[in-house]
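Structure assessment
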Amino acid sequence: QVSLVESGGGLAQPGGSLTLSCEASGILLDYYQIGWFRQGPGTEREGVACIDPSEHRNYYVDAVAGRFAIYKDRVKNSVYLQMNFLRPEDTAVYVCGVMPRASVYPETMCTNSATIRTRMTFWGQGTPVTVSS
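Structure report, in brief. (Residues numbered from 1 in each chain as written. Predicted model: local features only at pLDDT ≥ 70, side-chain atom pairs only at ≥ 80, totals over all residues. Heavy atoms only, no water.)

Regarding the pairing of strand β5 (residues 46–52)
Most of β5 is tucked away: 6 of the 7 residues are buried. Across 5 bridges, the pairing between strand β4 (residues 32–39) and β5 is antiparallel. Counterpart to Trp36 in the pairing with β5 is Ala49. Taken together, β4 and the strand that follows it, β5, pair antiparallel across an intervening segment of 6 residues, in which Gly42 is found at a positive phi of about 70°. As judged from the 4 bridges shared by β5 and strand β6 (residues 57–60), these two strands associate in the antiparallel manner. Within the sheet, the bridge partner assigned to Cys50 lies in β6 and is Tyr59. (Buried < 20%, exposed > 50% of the residue type's maximum accessible area, 1.4 Å probe, protein only. Helix = DSSP H or I, 4+ residues; strand = E, 2+ residues; numbered from the N terminus. Pairing = 2+ DSSP bridges.)

Here's the deal with the packing of aromatic side chains
The final tally for this structure, using the stated rule, is 3 aromatic pairs. Measuring from ring centre to ring centre gives 5.0 Å for Phe37 and Trp123, while their planes differ by 75°; the resulting arrangement is edge-to-face. You can see Phe37 sitting in strand β4 and its partner Trp123 sitting in strand β10 (residues 122–123), a full 86 residues away along the chain. Here Arg45 stacks its cationic end above the ring of Trp123, 4.3 Å away from the centre of that ring. (Phe/Tyr/Trp six-rings, centres within 6.5 Å; stacked < 30°, edge-to-face > 60°. Lys NZ or Arg CZ within 6 Å of the ring centre and 35° of its normal.)

A few points about unusual backbone geometry
In the Ramachandran plot, Asn77 falls in the positive-phi region, its phi being about 50° despite a non-glycine side chain. Examined against the element boundaries, Asn77 turns out to sit in the loop between β7 (68–73) and β8 (78–83). In the Ramachandran plot, Phe85 falls in the positive-phi region, its phi being about 50° despite a non-glycine side chain. Its place among the elements puts Phe85 in the loop between β8 and β9 (92–100).

Details of the nonpolar core
Core analysis: the largest hydrophobic core is formed by 37 residues, its most contacted members being Trp36, Val48, Phe68, Leu81, Met83 and Tyr94. In contact with Met83, other than residues within four places in its own chain, are Gly16, Ser17, Leu18, Leu20, Arg67, Phe68, Tyr94 and Val129. (Core = buried A, V, L, I, M, F, W, Y, C linked by side-chain atoms within 4.5 Å. Contact = heavy atoms within 4.5 Å.)

This is the structure we're talking about:
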């Protein structure tokens, strides 16, 4: 059975940091491209950071570029999202999702709403992040 389990969310102050984890079981992340997505109250799920490990390509949406970093640990079969300089507008439920590697460019995976809605193979349950003083 496949599962993606996120952890690491919580409350952070503006300017603070959090590291989110997404641990996969039932699949090997080496065969998938992986993304972190977020969904705020009343908003559509949006891409944050996407990685295609087979081609060593990452993509970050403009709102997080320079502040967030996505990386993978092959041994732990996990992917992480290091979030620095957090802002109140980063408040959302963060979800990891995967699709077979090299399906689309990481930029497309992160920015194309139809791709996000229809082409992801597996999703996690999400971990909430609140940025507030």
